[in-house]
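Observations on the model geometry
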Amino acid sequence: IAINVLPKEKRGDVLGFLTKKYSCLDVFTKDGYIVIIVPKNSNPNIEDYMSSILEEILVSLPDVKVYSGSGQLADTIQKMRISYLDATRLCDFVQLTYPMGSRHAAFKELEPMMMFLKGSDPQELIRFYSETIGELVEYDSENQGNLVITLKTYLDNNGNLQQTADELHLSIAGLRYRIERIESLSGIDLKTGAGRFECQLATKIYFALQVMSNIKN
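Worth saying up front: this structure is predicted, and the values here are computed from it rather than measured. (Residues numbered from 1 in each chain as written. Predicted model: local features only at pLDDT ≥ 70, side-chain atom pairs only at ≥ 80, totals over all residues. Heavy atoms only, no water.)

1. Section: the overall build of the protein chain
Counting its secondary structure elements, the protein chain contains nine helices and five strands. On C-alpha atoms alone, the protein chain measures out to a radius of gyration of 18 Å, which is about the 17 Å that the 2.2 N^0.38 rule sets for 217 residues. Taking the principal axes of the C-alpha coordinates as reference, the protein chain spans close to 55 × 40 × 30 Å. The buried share among the 217 residues of the protein chain stands at 39%. Taking the intrachain contacts of the protein chain between residues at least 6 apart in sequence as the baseline, contacts between residues at least 24 apart amount to 64%. Split by element, the accessible area of the protein chain, about 11900 Å² in all, is 50% carbon and sulfur. Of note, the protein chain has its 23 positive side-chain charges centred 4 Å away from the centre of its 28 negative side-chain charges. (Helix = DSSP H or I, 4+ residues; strand = E, 2+ residues; numbered from the N terminus. Rg over C-alpha atoms; globule rule 2.2 N^0.38 Å. Buried < 20%, exposed > 50% of the residue type's maximum accessible area, 1.4 Å probe, protein only. Contact = heavy atoms within 4.5 Å. Areas by Shrake-Rupley, 256 points an atom, 1.4 Å probe, with all protein chains shown as cover. Lys, Arg positive; Asp, Glu negative; His and termini not counted. Charge placed at Lys NZ, Arg CZ, Asp CG, Glu CD.)

Written out as structure tokens, the structure reads:
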């Protein structure tokens with residue numbers, strides 16, 4: 001499990017809490033992440049395990065945001081390294097896509113997208129997301145906006161305005177304005193199934209490519 005903490009100054013507090021709370025596990029820092037090695041023989045449900053860790057951190061340290069990811073099960077040193085990299089990718093992914101609050105994700109959630117990206121022409125993927133949500137990406141970059149995050153959150157909530165507004169800490173009126181802006185810039189009608197599908201695929205590709213690019217750099 002890889003964990004990132006914001007603000008970074010609180011990382012030591014989270015590390016201290018986890019080291020004390022989970023004294024029977026290996027808990028340490030590497031490359032700016034807090035890492036927890038979960039033994040294979042403990043056989044936990046990793047999603048529930050991560051959710052429990054996240055809740056415990058937030059109860060003890062309510063002023064932090066915590067992003068975590070878990071890699072695949074590893075039974076060799078080489079696979080452990082791969083699992084660690086997968087966990088950090090997931091950690092970066094949830095931080096990029098859910099900046100408003102703490103989140104966690106397991107390997108199986110991002111595995112299909114990563115496999116898809118590795119087997120595809122990167123230029124074609126960039127072209128697709130650029131043609132679909134490129135105007136939103138450019139707008140956010142130039143105006144420090146959150147249209148891409150708004151779009152992804154709206155799609156993740158299946159177009160439910162109230163859930164999306166609550167998650168983004170917006171009023172319904174404010175959210176409607178953003179959605180209208182998104183549709184205007186992208187030229188896509190989010191009321192149609194085809195429009196939502198294109199945007200969902202484009203946002204997943206965009207954020208996954210951002211994570212993979214960060215790993216390479």
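2. Re helix H7 (residues 161-168)
Looking at H7, one finds that the buried residues are Thr164, Ala165 and Leu168. Down the axis of H7, the buried side of the element spans an arc of 100 degrees, and every buried residue falls inside it. Where H7 is buried, its residues contact helix H6 (147-156) and helix H8 (172-186). The backbone nitrogen of Gln162 has a side-chain oxygen 3.1 Å away, supplied by the residue at the start of H7, namely Asn160. Looking one or two residues past H7, His169 carries a phi angle of roughly 60 degrees, positive in sign. (Arc of directions from axis to C-beta. Polar contact = N/O pair within 3.5 Å; in protein donor to acceptor, adjacent residues only side chain to side chain.)

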